[in-house]
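Secondary and tertiary structure notes
So you can see what is in the structure, the chains are spelled out below.
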Amino acid sequence: MKTDRIFGLCVIGVALAYIASAAQIQVGFLSDPVGSRTFPYLVGGVALACALVIVLRPDEEPGWPPLATFGRIAIALVVLYGFAVALRPLGFLIPAAVASAAISYLISPRPVAAVLCGIGISSLLFAIFKFALGLSLAPFGRLFAG
Amino acid sequence: MDLWANLAQGFAVALTFSTLMLAVGGCFIGTVIGSLPGLGPSNGVAILIPLAFSLGLDATEALVLMTSVYYGAMYGGRISSILLNIPGDEPALMTTLDGYPMARKGRAGDALVLSGVASFVGALLATIGLMLLAPILARIAFLFGPAEYFALYLLAFCTLGGLASKNQAKAALAAAIGLGLAMIGLDNQTGIPRLTFGEIHLMDGIDFLVAIVGLFAVAEIFIYMESHGRNSAIGVKLERITVPVRDIANSTFTMLRSTAIGFVAGLLPGAGASLGSFLAYMAEKSVARDGATFGTGNPRGVAAPEAGNNAAAGGALVPMLTLGVPGSGTTAVLLALLLTLNITPGPLLFSERPEVVWGLIAALLIANFVLLVMNVPMVKLFVRILSVPPWILLPGIAMVSFGGIYSLSGSAFDLILMIIFGIFGYLFRKIGVPTVPIILGILLGNNMEDSLRRAMVISDGDWTYLFSSGISIGLWVAAIAGFVAPLFLRNLLTRPGRIHG
Amino acid sequence: MKSGFEKGIAAGVLAGAMSLSGVALAAECIAPANPGGGWDFTCRTIGKIMYDIGVVDKPIQVTNMAGGGGGLAFSHVVNDRNEDGDVIVAASSATATRLAQNAYAGHTADQVRFLGAIGADPGIIAVAADSPHASLVELLDAVKADPSSVTFAGGSAAGGFDHLKVLMALGRTGFTDITRVKYIGVDGGADAITQTIGGHTQAMTGDMSEVVGFLKSGDIRVVAVFTDERVPGFEDIPTAKEQGIDIVSVNWRGLYVPKGVSDADYRKWSDGLARVATSPEWAEAMVANGLAPFTLVGDEFQGWLDGVIGEIEMLSRDIGVIQ
């Protein structure tokens, strides 16, 4: 109940913001009867209507996990974000090893297994991407390039 | 007969030891690429183009390799859809709906075999259709102007309601979210960027692969962490793998119907494999007596989208070869390959370069049989994935997704976008907002808007233009029927299905 | 929704394949799009010929960098590679159009140095075989009499080069009400032809290479080609000039280098490009790809390009693509 109400209200806010940004879209002078704002308005409108229904007729509570679980998900998020940012400067191997070890540890807290898992995944995937598929992935990135 | 002579010529070109080896290799690589989230058939083909050059392959060999990879990836996409609830590529999206529930029940092997057979049927019949009718079918593309395309997309969105059984408002909201995201980027009809906030990475719009990988793969990791693997197929006790003869027999007509729908969707350059598999699934759901069990692991819900998307992949070759119009990302890459081989697809390709066309058709037939033979025994190998301990499998999935997407785009922006999609994917799953309509919205939103606006430009804003042809009226009727009266649609389509049941 | 990955994948792939083949420190040609398109062709073909005729002593490595309609590659070169003498970037009319329309996130044409163009895909206007319009003049007269009676289809978005070509041609006839001209941007030239043959649109604007197959099959007629003289191999197609409409509009294929390169490097590349232009290999490649000769190198090209960009900028203001 509560979740859906909050969610619906958030969607209403986002939909209004979306419609407001749609109103800022530059319009050309070309002959274009529908125009570049109509569809975004419609989409925003539909979202708004759906959100109202969700607020007025909410579903049952989804059953949220305890706070500790959210903590772990948040850590996973930070790890993935760090991985995304570190890829360019540090290359694939080290960030991938660290990130997969961290996620592995979050799922099953056994440090040695996690570290081995990280190293294994990182080197195996690098080999697959680089040598089997021929994709471009820098192994170590700029910092180590000298 | 001419046809047999042509086909014999095609096989003479395509059936040598080295090409057969290329077909086997291509099918294998394609299957692997298709099954990796973030790498789809178009990428698979693009990946191997340089390889084709560095191996010094001639035109036929290159085509055999590429079509094998293409079909292989179409087959492979279903594997991660079924086992992990992560579509390996966008046409395999619909296969998650029933494939994954089957896997959760321990029937991953059955689902994989069944979908392999369905893929085979769809692709084989589509190839035959291409072979017999391509020059005639090409004309269908001429009949579809903006008004007809708009009605077609409308049909897709109108039937969406039938997809979500629980909360229609949330399904509609999901579609709106997808459409809203699709609006981001350069506006095709004015050349002016919309909703990009000056960010150059958003100029081309949001990539649906980023959205798919985020909403499915990244979200799956969070879901697993929360539930400690309850409700996951990972680690489920697997049933012994047999060929599910009964499911296959029960799905015969499903496969045939879905093949027809998928093939026609493939013929239309603006529609493509994703729409083909979606419409095949929705039609089957409304036809089936047990339509209500679609989404809970109904085998026919696995057969329909797989037959549909593989048939669409074959159908999409028709406009590509005869008009030079690529109907999908993959055919666009294949088209590029043909051009680099100095083969210009177009209305004269069939008469001017018969050896290429028939060699290609022979290659498709070969690839299909290779894939069937390769895929069914390999199911035993595939399902082992579910026995990999989650503390290895999940970080592996994350790294495959991130590494794959990064090595393609080289942009951290896409990865961060993917993480954001992952967060929302998790929240949406908890709240009960279905993610499939979001992807459909992103995939089809621009096409839908563009076709409406093109139609209105052509007609000077006269709305009646939208209903000015028999085809568009037919599609409007179907769309309205699909929206308001699923029962009506059921009666319309159910006839061939009565035989079994 | 177009997948950047379809484009991007190739980038990675090609770079990866190249790095595997052990080519180190070779010059690099950036194709700002996916393989198979015009920019990719430019890099691959010119790069290969440069190596074959000895302009460079190592094979040129092709990197595909798709995104922002070439904008990502442009800003990469401006921001990260400004003094790199070993990089060349493929360019075409689309590059000029987008620069003129400020579609590269604030970057301008003077932030790089253009080497030149050595070949061009002639602009054309085509109609369905059964169209009532026999010539370009008749077609444009129909537009002038009633702009709503003719819709043009083209492979670029509105405001793109295919669209502007039509507006330029109309402008030459003294027609000024260009915002009323109906144009729909579809997914590529072949799609535009399909729409025109199907009778959904009345005319197609695009490049010669896009229509060759349909021309031979008799589905369409090309009413004018926008070149100085008739194109070899297509002698029966009249130019716009012959019909009294003074327009030359081609989709040129060329290269640019970073702004900060030494004059020696610039000369090395522009001389190399000029040598490619006169090579038999290039002549052959042009025939195979439906290109007509169009050679302008160095300052001469820069001057011509400035004029083109100026005209596009003006037109774009008139139709509201830029403000």
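Everything discussed here concerns the structure shown above.
Once a new chain begins, its residue numbering starts again from 1 and follows that chain's sequence as written. Starting at A for chains and at 1 for ligands, labels are handed out in the order in which the entities are written. Local features are withheld for residues below a pLDDT of 70 in this predicted model, meaning they are given only at 70 or higher, and side-chain atom pairs are given and counted only at 80 or more; totals for whole chains, interfaces and linings count all residues.

**Quick look at the nonpolar core**
Formed by 348 residues in total, the largest nonpolar core has its most connected members in B:Met66, B:Leu173 and B:Ile439. Put simply, DSSP marks the helices as runs of H or I at least four residues long and the strands as runs of E at least two long, and each gets a number from the N terminus on. Per-element tally for this core: the top contributor is helix α6 (residues 108–143) of chain B, with 17 residues. Each domain's extent was defined by an automatic or database domain assignment. Residue-level mapping places this core at the junction of two domains, with at least three residues from each of domain 1 (2–56) and domain 2 (67–144) of chain A. It is the C-beta atoms, placed from the backbone, that decide contacts: two residues are in contact if theirs lie within 7 Å. For B:Met66, the contacting residues outside a window of four places in its chain are B:Val45, B:Leu48, B:Ala52, B:Leu334 and B:Leu337. For this entry, the nonpolar core is defined as buried Ala, Val, Leu, Ile, Met, Phe, Trp, Tyr and Cys residues connected by C-beta atoms within 7 Å. Partly exposed residues are those whose C-beta has more than 12 but fewer than 20 other C-beta atoms within 10 Å; 20 or more makes a residue buried and 12 or fewer makes it exposed, with C-beta atoms placed from the backbone.

**Some points on the interface of chain B and chain C**
Interfaces are often sized by the amount of accessible area the parts lose when they come together. On the side of chain C, 49 residues touch chain B, which itself brings 57 residues to the contact. Listed by contribution, the elements that provide at least two residues to the side of chain B that touches chain C are α3 (41–54), α6, α9 (208–227), α15 (329–340), α18 (390–409) and α20 (436–459) of chain B. As a working rule, the residues Ala, Val, Leu, Ile, Met, Phe, Trp, Tyr, Cys and Pro are called nonpolar, Asp, Glu, Lys and Arg charged, and the rest polar, with Gly in that last group. Within the side of chain B that touches chain C, the residues separate by chemical class into 32 nonpolar, 21 polar and 4 charged.

**A few points about the environment of B:Leu339**
Examined against the element boundaries, B:Leu339 turns out to sit in helix α15. B:Leu339 gets classed as buried once you count the C-beta atoms within 10 Å, which come to 20.

**Here we look at helix α13 (residues 299–315) of chain B**
An α-helix turns once every 3.6 residues. As a result, residues three or four positions apart point the same way. Multiplying 1.5 Å by the helix residue count minus one yields the expected span of that helix. Taking 1.5 Å as the rise per residue, α13(B) with 17 residues should run 24 Å; its terminal C-alpha atoms sit 24 Å apart, in good agreement. A large share of α13(B) lies buried, amounting to 17 of its 17 residues.

**What about the packing of helix α4 (residues 59–84) of chain B against helix α5 (residues 95–104) of chain B?**
Residue and element names in this part refer to chain B. The geometry of α4 relative to α5 is characterised by a closest axis approach of 6 Å and an angle of 50° between their N-to-C directions. Of the possible angle classes, the one that applies to α4 and α5 is oblique. Once α4 is placed against α5, the crossing between them reads as right-handed. In contact with Arg 78, Ser 81, Ile 82 and Leu 83 of α4, α5 contributes Thr 95, Thr 96, Gly 99, Tyr 100, Met 102 and Ala 103. Class assignment for the residues of the contact of α4 with α5 results in 5 nonpolar, 4 polar and 1 charged. The angle between two axes is taken between their N-to-C directions and runs from 0 to 180 degrees, where each axis is a line fitted to C-alpha atoms and a helix contributes only its stretch in contact. Any angle from 65 to 115 degrees is called roughly perpendicular, while one under 35 is roughly parallel, one over 145 is roughly antiparallel, and all others are oblique. The crossing is said to be left-handed when, going from far helix to near helix, the turn is anticlockwise and less than a right angle, and right-handed when the turn is clockwise.

**With respect to the interface of chain A and chain B**
Chain A puts 58 residues into the contact, and the matching count from chain B is 50 residues. Every element with two or more residues in the side of chain A that touches chain B is listed here: α1 (2–23), α2 (35–56), α3 (67–90), α4 (93–107) and α5 (111–132) of chain A. A per-class count over the side of chain A that touches chain B returns 41 nonpolar, 12 polar and 5 charged.

**A few points about unusual backbone geometry**
Positive phi is not limited to glycine here, since B:Asn85 has a value of about 65°. On the secondary structure map, B:Asn85 appears in the loop between α4 and α5. Of note in this structure, C:Asn102 is not a glycine but carries a positive phi near 55°. Following the sequence through the fold, C:Asn102 ends up in the loop between α4 (93–100) and β4 (112–128).

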